[in-house]
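Single-letter residue listing:
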Amino acid sequence: MKDFIARYARRGMLAGALLASSLAATAQARREYLLTSDWKFALGDLPDAARPEFSDAKWQTVQVPHDWAIYGPFDSRNDLQKVRIEQNNEKEAKTKAGRTGGLPFIGTGWYRRRLELPQFGPGKRAVLLFDGAMSNAHVFVNGREVGYWPYGYNSFSFDITDFLRPDGRNTLAVRLQNQPESSRWYPGAGLYRNVHLIVTDDVYIPVWGTYLTTPEVTADYARVKLATEVAVPPGRLIGRKGAEIDVKGSHDEHIGRGAMKKVLFLRLDTDIQTADGQVVATSSTPLESGLPVCEQAFTILQPQLWSPETPTLYTAVSRLYVKDARADTAFRLTDEYQTRFGIRSFKFEPEKGFSLNGQPRRFKGVCNHHDLGPLGAAVNTAALRRQLTLLKELGADAIRTTHNMPAPELVSLADEMGFMLIVEAFDEWKTPKVKNGYSQYFDEWSEKDVVNMVRRDRNHPSVVLWSIGNEVPDQWAPGGTKLARRLQDIVHREDPTRPVTAGMDQFDAAVSNGFAALLDVPGFNYKPHRYAEAYGKLPQGMLMGSETASTVSSRGVYKFPVVKAKDKQYPDNQSSSYDLEASNWSQTPDEEFVMQDDLPYNLGEFVWTGFDYLGEPWPYDEKWPSHSSYFGIFDLAGIPKDRYYLYRARWNANKPTLHLLPHWTWPGREGQTTPVFAYTNYPSAELFVNGVSQGRQTKASSDQPQTRYRLMWNEVKYQPGSIKVVAYDAAGKAVAEEEVRTAGKPHHIRLVADRTNLAADGQDLAYVTARIEDAQGNLCPEATSQLQFKVSGAGRFRAVANGDATNLEVFHQPRMKAFQGMLAAIVQASEQAGEVQLKATAPGLKGATITLQTQKKAVD
Ligand code: GAL
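Residues numbered from 1 in each chain as written. Predicted model: local features only at pLDDT ≥ 70, side-chain atom pairs only at ≥ 80, totals over all residues. Heavy atoms only, no water.

- Labelled according to an unreviewed UniProt entry, the chain appears under the name DUF4982 domain-containing protein, originating from Hymenobacter guriensis.
- UniProt, in the comment section headed Sequence similarities (unreviewed entry), describes the chain in these words: "Belongs to the glycosyl hydrolase 2 family." (UniProt positions renumbered as here; feature names shortened; annotations may be inferred.)

A few points about the packing of aromatic side chains
In step 1: Under the defined criterion, the tally for this structure stands at 46 aromatic pairs.
In step 2: Judged by centre distance (5.8 Å) and plane angle (25°), the rings of Y314 and F341 are stacked. Of this pair, Y314 sits in strand β20 (residues 314-324) while F341 sits in strand β21 (residues 332-341), and the two are 27 residues apart along the sequence.
In step 3: For F341, a relative accessible area of 0% translates into the label buried.
In step 4: Each residue in the set Y151, Y153, F426, W429, Y438, Y441, F442 and F515 is aromatic and connected to the rest through ring pairs, giving one cluster. (Phe/Tyr/Trp six-rings, centres within 6.5 Å; stacked < 30°, edge-to-face > 60°. Helix = DSSP H or I, 4+ residues; strand = E, 2+ residues; numbered from the N terminus. Buried < 20%, exposed > 50% of the residue type's maximum accessible area, 1.4 Å probe, protein only.)

Digging into the site of the ligand
In step 1: Lining the immediate surroundings of the ligand are R184, H403, N470, E471, N525, Y526, E547, S550, W585, W608, E616 and F631.
In step 2: Contacts to the ligand include S550, whose side-chain N or O atom sits 2.5 Å from an oxygen atom.
In step 3: With the chains in place, 98% of the 310 Å² that the ligand exposes on its own is no longer accessible.
In step 4: Taken together, the residues of the shell around the ligand break down into four nonpolar, four polar and four charged. (Near = heavy atom within 4 Å. Polar contact = N/O pair within 3.5 Å; in protein donor to acceptor, adjacent residues only side chain to side chain. Areas by Shrake-Rupley, 256 points an atom, 1.4 Å probe, with all protein chains shown as cover. Nonpolar A, V, L, I, M, F, W, Y, C, P; charged D, E, K, R; others polar.)

Looking at the environment of F140
In step 1: Mapped onto the secondary structure, F140 falls in strand β9 (residues 137-141).
In step 2: The class for F140 is buried, based on a relative accessible area of 12%.
In step 3: C-alpha of F140 to C-alpha of L35: the two residues are 105 residues apart in sequence and 15 Å apart in space.
In step 4: Other than its neighbours up to four places away in sequence, F140 contacts A50, W110, E145, V146, T171, L172, A173 and R175. (Contact = heavy atoms within 4.5 Å.)

Overview of empty space enclosed by the protein
Rolled over the atoms, a probe as big as a water molecule pinpoints where empty space is left.
In step 1: A complete count under the given rule lists six cavities of 30 Å³ or more for this structure.
In step 2: Along the walls of the largest cavity sit 27 residues, with Y151, Y153, S182, G437 and Y438 positioned nearest its centre.
In step 3: Per-class residue counts for the lining of the largest cavity are 11 nonpolar, 12 polar and four charged.
In step 4: Taken as a whole, the second largest cavity holds about 210 Å³ of empty space.
In step 5: For the second largest cavity, the lining is made up of 20 residues, of which H369, H370, L384, P406 and L410 are closest to its centre.
In step 6: Of all the secondary-structure elements, those providing two or more residues to the lining of the second largest cavity are α2 (381-394) and β26 (398-401).
In step 7: Of all the elements, α2 adds the most residues to the lining of the second largest cavity, at three residues. (1 Å grid on protein atoms, 1.4 Å probe; cavity = no way out; pocket = protein on both sides within 12 Å on 5 of 7 lines; lining within 4 Å. Points joined across faces, edges and corners; volume = space filled by probe spheres on them.)

Side note on the pairing of strand β36 (residues 676-680)
In step 1: Taken across its five residues, β36 has five buried, putting it largely inside the fold.
In step 2: Neither face of β36 is open: one carries V676, A678 and T680, the other F677 and Y679, and all of them are buried.
In step 3: Of the strand pairs in this sheet, strand β35 (residues 658-661) and β36 are connected by four bridges, and their pairing is antiparallel. Along β36, the bridge assignment pairs L660 with A678.
In step 4: Two elements, β36 and strand β39 (residues 711-713), share three bridges in a ladder whose sense is antiparallel. Bridge pairing in β39 links F677 to M712. (Pairing = 2+ DSSP bridges.)

Some thoughts on the sheet that holds strand β14 (residues 210-217)
In step 1: Read across the open sheet, the three strands follow the order β14-β15-β19; overall the sheet is antiparallel. Edge strands, defined here as strands with exactly one partner in the open sheet, are β14 and β19 (293-301). Between one strand axis and the next, the sheet turns by 20° as a mean value, whatever way the strands run.
In step 2: As paired elements, β14 and strand β15 (residues 221-229) share six bridges and run antiparallel to each other. Note on β15: the bridge partner recorded for V217 is A222. (Axes fitted to C-alpha atoms, helices over the stretch in contact; angles between N-to-C directions.)

Considerations on the layout of surface pockets
In step 1: There is about 1300 Å³ of room inside the second largest pocket.
In step 2: If you go around the second largest pocket, you meet 44 residues; those closest to its centre are I639, P640, Y645, R771 and M822.
In step 3: In terms of residue count, the dominant contributor to the lining of the second largest pocket is α2 (six residues).

Structural notes on the side chain of T609
In step 1: Within the element layout of this structure, T609 appears in the loop between β34 (602-608) and α10 (643-651).
In step 2: A distance of 2.9 Å separates the side chain of T609 from the backbone oxygen of F611, its partner in a polar contact.
In step 3: In this structure, T609 is in contact with C367, N368, F631, G632 and I633, ignoring residues within four places of it in sequence.

Considering the side chain of T315
In step 1: Note that T315 resides in strand β20.
In step 2: A residue is classified by how much of its surface remains accessible, and T315, at 16% relative accessible area, is buried.
In step 3: If sequence neighbours within four positions are ignored, T315 has contacts with D271, I272, Q273, Q338, T339, R340 and F341.

Brief notes about the sheet that holds β39
In a beta sheet, neighbouring strands pair by backbone hydrogen bonds and run either parallel or antiparallel.
In step 1: An order of β35-β36-β39 is seen for the three strands of this open sheet, with the pairing classed as antiparallel. Every other strand in the sheet has two partners, leaving β35 and β39 as the edge strands with one partner each. Pairs of neighbouring strands in the sheet enclose a mean axial angle of 15°, with direction left out of account.
In step 2: The strands that α10 touches are β35 and β36; relative to β36, the one it contacts most, it runs at about 40°.

Considerations on the nonpolar core
In step 1: Grouped together as the largest cluster of nonpolar side chains are 213 residues, with contacts concentrated most on Y111, L191, L197, F363, L391, W429 and F524.
In step 2: Those residues in contact with L391 that lie beyond four places of it in its chain are V366, N368, A396, I399, F419, F611 and F634.
In step 3: Core analysis: the second largest hydrophobic core is formed by 13 residues, L212, L226, F298 and A316 among them. (Core = buried A, V, L, I, M, F, W, Y, C linked by side-chain atoms within 4.5 Å.)

Structure representation (structure tokens):
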């Protein structure tokens, strides 16, 4: 077992068992291991690779989570798709090169690993839990197939007990296969999420075996209900002390004469603990005869309510005890299971909209794909945490996990850091959007996929809505409404506490055929101009911008003249950062803001997208080398674009925002009109160019939504020097200022780390932004030098990205060209505590070094 990394050091478990002195306790009734190391990987279809005797000595050794395609190289021939995208209003099929990122994710890949289980024997069970495997996973233990799961985004588990060898030396093999034209974005490839091995006794709580709800929440008390599933070996019956056991009535073929020997008495003891381990409620409940589910109820006084601003969590620590009905023995601990939860109430009400803990609020949300930019689809908690940290600063409070189930780590972080989630299932149902997409599995798998999605995540306080689909063509296909009802009913059956939504784009069809009317919460994609009509026609009395804006921009790139445009293209494959360019089906942010602010029944919005992602390089999806999106509020490196400040000014009420654009280094533009915008939460401001006032602008309603949310000086003539804005509060007092200066020649590199103290856990990451600056410290906004990185000490270079959607440099090599003067390098901590140094150099520039510290976290 040495090579397994123990996941839970279960503090409190031993103590709890010892306290219950009448019980014979095994402290380690459950062991859970993350299978991260010692994996072997190879590409190609290798029919014998499942067999234990197969030699994988020549295969690559990899760590899981692993994305086999992220290392590139980029190539326009990878998943070249000739398609007509109906949703984008295209009239004919066209060749799209970077649609899925231009990375080599198609094909078959194999993973193999030893599974050493020396102490495994009778009375034990072993389960493999995959958080997600891309895709079409066939899982083999000792050469025998234990199961198959096609959908690459879902979590699934297989009981492998009966496949294990008595000598404890086992071989695990996983075959994955990705088809061409199976996606609209970069899906990633391989075992890109964690794989867990869970070993329990054979009387145990199965995977996702608890369902915790909070049926009543007030400031004074909360009622908590916990339903816990219990599994017993075949031939065993659950009995209850003192109750008559109906053996004859049992259909279990193993029950017959001498059945009393096979009856087990079970008891579940659950403590509700606060985050610091204080027990605030307990229950000790004998299981009812024959019932494999134990219902427990608790009352928590003065509960600390969960919200995005106060993400307080509790944990239900359940201990399952067993005793043979006949034997004169004591109860013994057979399993321990933890259910982390939050106490909150929410409502979606006609006319009133959404409220959390009685407080009305609107979703300030973003949609995000699952990839982590330069890390690809391989999940990393530190990378997710950084995304959420950046989104908090932005003032966002919600995420829609488009268009699939997220990594479980994201859901846990949303609980901890305070984000409300819409967890989404599918991008298509029965009618395909892409040739080899989910439609091929829909009939057989959709119920299983929805069940796993809901069961995995239904105890998380962050989840407030389930989405059954995004822009599914079944919105208008015959029978589509029936499918929607079926899926919504499955969700209701699995979780009656949360409503169901879907992202709809086919307004006329969905509103007239009953599709939109049957959803608990109607979600519209890019339809602000039709919200009022939808409200009038639909029965729900509320609606949501499930996907909004899709404004495109490239960080730090500004195009002239400054005009509002749809599907605008430029020869350099970039989009302008004046935030006035969108796609033909979408809008600028401000157009949505108007409808959010003026329509009281609007539940809020989910902007497409928080972060740029690999694939879908609209408006250049026919123009290689573009291969990642332009839609993000943050670029692919996680560096904010100007648009970040437009949303932050609106969403982050706790911090002042005052941001000027564009940059002010425009040799050759002297005397030419160069509009200046300020994104701010102050109501008005005055602009100065080289000290000369350009007048004061005040936000005001007009036919032009931009004037309500931005301050714009459209007639400014460029001259080198500086632009400075002075902001005034509502009383007219000058309260803040911001200045941007013309930069001189590139002089040095400056490194800025998001964190300088990392955990020495082999996983933690620091994102170091490199800026090329002039001698005075101004960003050189057009600098493109290639930076070279070197990491020494207790860490390693992990990846680099510059946010340029056309850049074909691979992410994992320690060099990259700056894009608009910047990029972000990622350093990964090793397992040794110590100092890590990142050094950046480039010809003609003064280099820079930054030092980070890593340390071992306190071990329980
Ligand atoms: C939507 C779609 C998203 C993305 C977006 C780009 O229609 O739901 O997945 O394609 O358009 O604007």
